[in-house]
Amino acid sequence: MEDGEPDTEKKDESVDDPNTSDSSGLIDRGRTTVGRYCSMEAWKNRLPILSWAPSYKPTYIFYDVLSGVITAFTEIPQALAYAAIAGLSYEYGLYTGVLSSIIYGVMGSCKDVSIGPNVLVSLLIANFSILHLGDFIRHDPKFVVLLTFCSGIIQIILAVTRLGAVSSFISSSVSIGFANAAAIIIIIKQMKYLLGLTFHASSVFDEIGLIIGNLGDTNLWDVIIGLMSLILLILLTKVASDVKRWQDNRETADLSPWQTSCLRILWTVSLARIILVVYTATLVVWILHEQGHDGYVGIVGNVTAGIRIEVPDITDLKAFQAISVAIIVVPLMPFVLDYSVAKKYGRMGSYKVEDNQEFLALGFCNLLGSFVSSFPVTASSVRSSIMHQAKVKTGLSSIITGGILFLALLFFTPMMEFMPLAALSAVVFVSVYPYIRLRAFRMIWKVNKVDLIPALATFICSLLVDVVYGIVIGIAVDLVILLLPIARPHFTMTITYSGKNQVTAANPFVAPAYVIQVESSVKYPAGDFLAEYLYDMTMTPDYVRPIILDFTHVSRLDITAVEYLGQALQDFHKVGSRLIFVNIQPLVYVQLTSADLEHMILAANTEEAMDIINEDVAEG
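Residues numbered from 1 in each chain as written. Predicted model: local features only at pLDDT ≥ 70, side-chain atom pairs only at ≥ 80, totals over all residues. Heavy atoms only, no water.

J.: Can you help me understand the overall build of the protein in this one?
T.: The helix and strand inventory of the protein stands at 27 helices and 9 strands. Expressed as a percentage of the 620 residues in the protein, the buried residues total 48%. Per element, the accessible surface of the protein, about 30,500 Å² overall, is 62% carbon and sulfur. (Helix = DSSP H or I, 4+ residues; strand = E, 2+ residues; numbered from the N terminus. Buried < 20%, exposed > 50% of the residue type's maximum accessible area, 1.4 Å probe, protein only. Areas by Shrake-Rupley, 256 points an atom, 1.4 Å probe, with all protein chains shown as cover.)

J.: Whenever I open this one, helix H23 (residues 467–487) confuses me. Can you help?
T.: Two residues of an α-helix separated by three or four positions point the same way, owing to the 3.6 residues in each turn. In this model H23 runs 29 Å from its N-terminal to its C-terminal C-alpha over 21 residues, within 8% of the 30 Å that 1.5 Å per residue would give. Listed in full, the buried residues belonging to H23 are Val467, Val468, Gly470, Ile471, Gly474, Ile475, Asp478 and Ala487. Buried-residue contacts for H23 involve helix H7 (119–124), helix H9 (172–195), helix H15 (326–329), helix H16 (333–348), helix H22 (452–464) and helix H24 (524–538). (Expected span 1.5 Å × (residues − 1). Contact = heavy atoms within 4.5 Å.)

J.: Explain the pairing of strand E7 (residues 547–550) here, please?
T.: The side chains of a regular strand alternate, residue by residue, between the two faces of the sheet. Neither face of E7 is exposed, since Ile547 and Leu549 on one face and Ile548 and Asp550 on the opposite face are all buried. Summarising the sheet, E7 and strand E8 (residues 579–582) pair through 4 bridges and their orientation is parallel. Within the sheet, the bridge partner assigned to Asp550 lies in E8 and is Val582. The parallel pair E7 and E8, bridged by helix H25 (residues 559–574), forms a crossover whose chirality is right-handed. (Pairing = 2+ DSSP bridges. Right-handed = clockwise from strand over helix to strand, strands pointing away.)

J.: Before we go on, may I ask you to explain the packing of H24 against H25 in this structure?
T.: Any two packed helices are characterised by how steeply their axes cross, that is the angle between the axes, and by the distance between the axes. For the pair H24 and H25, the least separation of the axes is 8 Å and the interaxial angle reads 5 degrees. Classified by the angle their axes make, H24 and H25 are roughly parallel. Contacts between H24 and H25 involve Tyr524, Gly527, Asp528, Leu530, Ala531, Leu534, Tyr535 and Thr538 from the former and Thr560, Ala561, Tyr564, Leu565, Ala568, Asp571 and Phe572 from the latter. In the contact of H24 with H25, the residues fall into 10 nonpolar, 3 polar and 2 charged. (Axes fitted to C-alpha atoms, helices over the stretch in contact; angles between N-to-C directions. Parallel < 35°, antiparallel > 145°, perpendicular 65-115°, else oblique. Nonpolar A, V, L, I, M, F, W, Y, C, P; charged D, E, K, R; others polar.)

J.: Is there a simple way to explain the nonpolar core in this structure?
T.: The tendency in soluble globular proteins is for nonpolar side chains to be buried side by side. With 118 residues, the main nonpolar core has Leu94, Val119, Leu120, Leu124 and Met419 as its most contacted residues. With 12 residues, H9 is the largest single contributor of residues to this core. In this structure, Phe491, Ile547, Val554 and Leu557 belong to the second largest nonpolar core, which totals 27 residues. (Core = buried A, V, L, I, M, F, W, Y, C linked by side-chain atoms within 4.5 Å.)

J.: For this particular structure, what's the right way to read a nonpolar patch on the surface?
T.: A surface patch of nonpolar side chains, amounting to about 920 Å² of accessible area, comprises Phe205, Ile208, Ile212, Leu215, Leu456, Ile460, Leu464, Val465, Tyr469 and Ile473. For the nonpolar patch, the secondary-structure elements that each account for two or more residues are helix H10 (204–213), H22 and H23. By the element assignment, Ile208 lies in helix H10. (Patch = residues over 30% accessible without salt bridge, like charges linked within 9 Å, V, L, I, M, F, W, Y side chains within 5 Å. Salt bridge = Lys/Arg side-chain N within 4 Å of Asp/Glu carboxyl O.)

J.: Explain unusual backbone geometry here, please?
T.: As a rule of thumb, non-glycine residues mostly have phi less than zero, and peptide bonds are mostly trans rather than cis. A positive phi angle is found at Asn583, which is not glycine, with a value near 55 degrees. Despite not being glycine, Asp596 shows a phi value in the positive range, around 55 degrees. For Asp596, the location among the structural elements is in the loop between helix H26 (586–595) and strand E9 (601–603). By relative accessible area, which is 67% here, Asp596 ends up exposed.

J.: Where do I start with the side chain of Asp571 in this structure?
T.: With respect to the helices, strands and loops of the structure, Asp571 is situated in helix H25. Of the side chains bearing the opposite charge, Lys574 lies closest to the buried Asp571, which forms no salt bridge; the N-O distance is 4.7 Å. Excluding anything up to four places from it in sequence, Asp571 contacts Tyr535 and Thr538. (Lys, Arg positive; Asp, Glu negative; His and termini not counted.)

J.: How should the environment of Ala159 be read in this particular structure?
T.: With respect to the helices and strands, Ala159 occurs in helix H8 (residues 141–160). Residue Ala159 is classed as buried on the basis of its relative accessible area, which comes to 3%. Sequence separation of Ala159 and Leu362 is 203 residues, and the distance between their C-alpha atoms is 9.7 Å. Setting aside chain neighbours within four positions, we find Ala159 in contact with Asn356, Phe359 and Leu360.

J.: I keep staring at the packing of aromatic side chains and nothing clicks. Help me out?
T.: Geometrically, a pair of aromatic rings is defined through the distance of the ring centres and the angle of the planes. For the coordinates displayed, the defined rule picks out 14 aromatic pairs. Geometrically, the ring pair formed by Phe491 and Tyr533 is tilted, given 5.3 Å between the ring centres and 55 degrees between the ring planes. Of the two residues, Phe491 sits in strand E5 (residues 491–496) while Tyr533 sits in helix H24, which places them 42 residues apart along the sequence. Using a relative accessible area of 30% as the deciding quantity, one classes Tyr533 as partly exposed. (Phe/Tyr/Trp six-rings, centres within 6.5 Å; stacked < 30°, edge-to-face > 60°.)

J.: How do you make sense of helix H18 (residues 381–389) when you look at a structure like this?
T.: Burial analysis of H18 places 8 of its 9 residues in the buried class, which makes it a mostly covered element. Within the sequence span of H18, burial applies to Val382, Arg383, Ser384, Ser385, Ile386, Met387, His388 and Gln389. At the exit of H18 stands Lys391, carrying a positive phi of roughly 60 degrees.

Note that every value here comes from positions in space, so none of it alone points to a role or purpose.
And the structure:
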């Protein structure tokens with residue numbers, strides 16, 4: 001033996017050692033996973049800015065700046081109005097828009113989406129710790145900020161663990177019921193601002209009663225400003241849709257230079273419709289103020305300047321108790337709203353929107369936004385439409401929006417205090433109108449009547465109780481409907497005879513077999529149901545008829561179902577009858593044979609099962 005051989009043999013032994021091999025494989029897999037997670041491609045997926053920034057073209061600047069500026073000045077009146085709907089001071093709407101816009105510009109996967117305050121989400125969070133201050137119902141902001149913080153944490157966890165599919169438990173039926181109820185509630189709540197009324201209401205029905213009871217105190221100036229603003233916004237929204245249609249057909253249309261110029265002017269006016277209406281009304285009120293004519297129109301009033309940086313209080317158990325129900329809904333519903341808008345514009349722009357990335361971006365918008373007193377955010381359909389029509393090119397537009405909102409908080413708040421409440425209510429009406437889809441209930445009725453149950457449950461409970469509880473109840477009803485076929489599977493029962501053993505006068509005691517075909521997989525609630533169904537059959541006096549269980553459509557069992565089937569086999573053995581399984585799929589065959597059930601008979605098909613039954617009859 002040469003001197004080097006022992007060392008070589010030891011080296012070979014270490015290579016062949018399974019423990020060493022397993023540890024090496026684990027290390028290699030770990031390195032591969034870490035490398036894939038930290039690769040540039042992975043970071044580009046998590047931070048889309050790394051994809052579009054290096055390839056940014058100078059021709060994009062005009063469209064990104066235009067869409068960013070128009071979106072920012074559109075968001076200011078929306079943010080003020082939505083903060084009031086949420087029961088917070090006006091500046092909280094601006095807090096919500098600043099950081100979320102910047103973060104989404106960096107992390108969002110849809111360039112056309114404007115993330116920030118949303119009218120429906122504002123209503124979702126409007127029921128925490130009510131405080132009556134001044135002319136409005138205010139809420140303790142710390143509860144809402146904590147809800148934003150927790151929502152962000154949950155959304156990030158769901159995104160990182162790729163469990164974002166949990167949001168699919170909010171079905172279209174529930175979303176339709178919630179959106180319609182929320183839109184109706186918001187419109188009713190905004191009516192008092194349109195009429196110039198001031199009162200406190202505890203519910204939507206109380207709101208209706210107080211509006212009717214106070215009609216005599218209607219402020220004519222508020223009505224004029226509100227109705228004029230609403231009419232102009234509706235007309236300009238119609239112009240925006242017409243302009244988009246003309247632009248889509250511009251290649252086929254033969255337009256003169258004059259017509260092209262008019263089209264561009266209409267395009268600009270339609271994009272800035274909220275800006276033109278609200279800021280014109282604000283200018284009129286400011287001029288009246290300068291001339292000493294105050295008090296004619298209800299205005300926003302003081303808006304606190306500057307941005308508020310504060311760590312959310314996670315030590316207050318009372319705050320967690322206040323948001324306990326909302327924490328189930330608020331992390332999921334905004335994502336459903338955001339993803340539906342993002343998918344729409346992604347398809348229109350022929351680019352892919354990543355659902356998991358949207359969840360991650362939304363989570364960071366909420367988590368980091370909570371440190372500047374933001375309330376939960378999602379996509380705005382109105383602002384996203386404006387960005388799309390402005391031909392936005394990249395996420396730089398959202399970053400510009402966030403920067404302008406930050407400057408507005410620092411320098412422009414004195415201008416905001418003269419914004420008429422009636423004009424803001426008109427903005428809310430136009431923003432919430434697309435969510436009213438009463439015809440969708442009729443469509444649900446035509447497509448699947450059962451889906452109308454969770455839709456109506458959500459709608460009615462949202463109106464009568466609260467929108468958060470309405471969504472929770474709607475989801476619960478939806479899950480019951482979803483799980484009911486699993487817990488109570490459909491059985492198809494037929495009777496079969498053997499050709500050799502027909503019931504005749506000479507042979508009157510031949511018992512035909514029941515063939516029971518189970519229409520779905522058998523999990524634990526269905527196993528109990530099936531076993532009880534079979535047990536009830538064996539309790540019939542002098543029961544002897546064999547049962548053939550056809551498992552053609554059963555692809556999987558669980559341990560509870562197998563145990564229940566074992567009990568059924570014992571029940572049939574006690575009464576001297578047979579329970580035979582036929583048409584068993586491979587996985588189910590492995591599960592049944594592994595359980596080693598007593599008295600179990602497996603057959604390839606119904607004919608083979610009947611042969612077994614006939615042999616028993618012949619032996620008997």
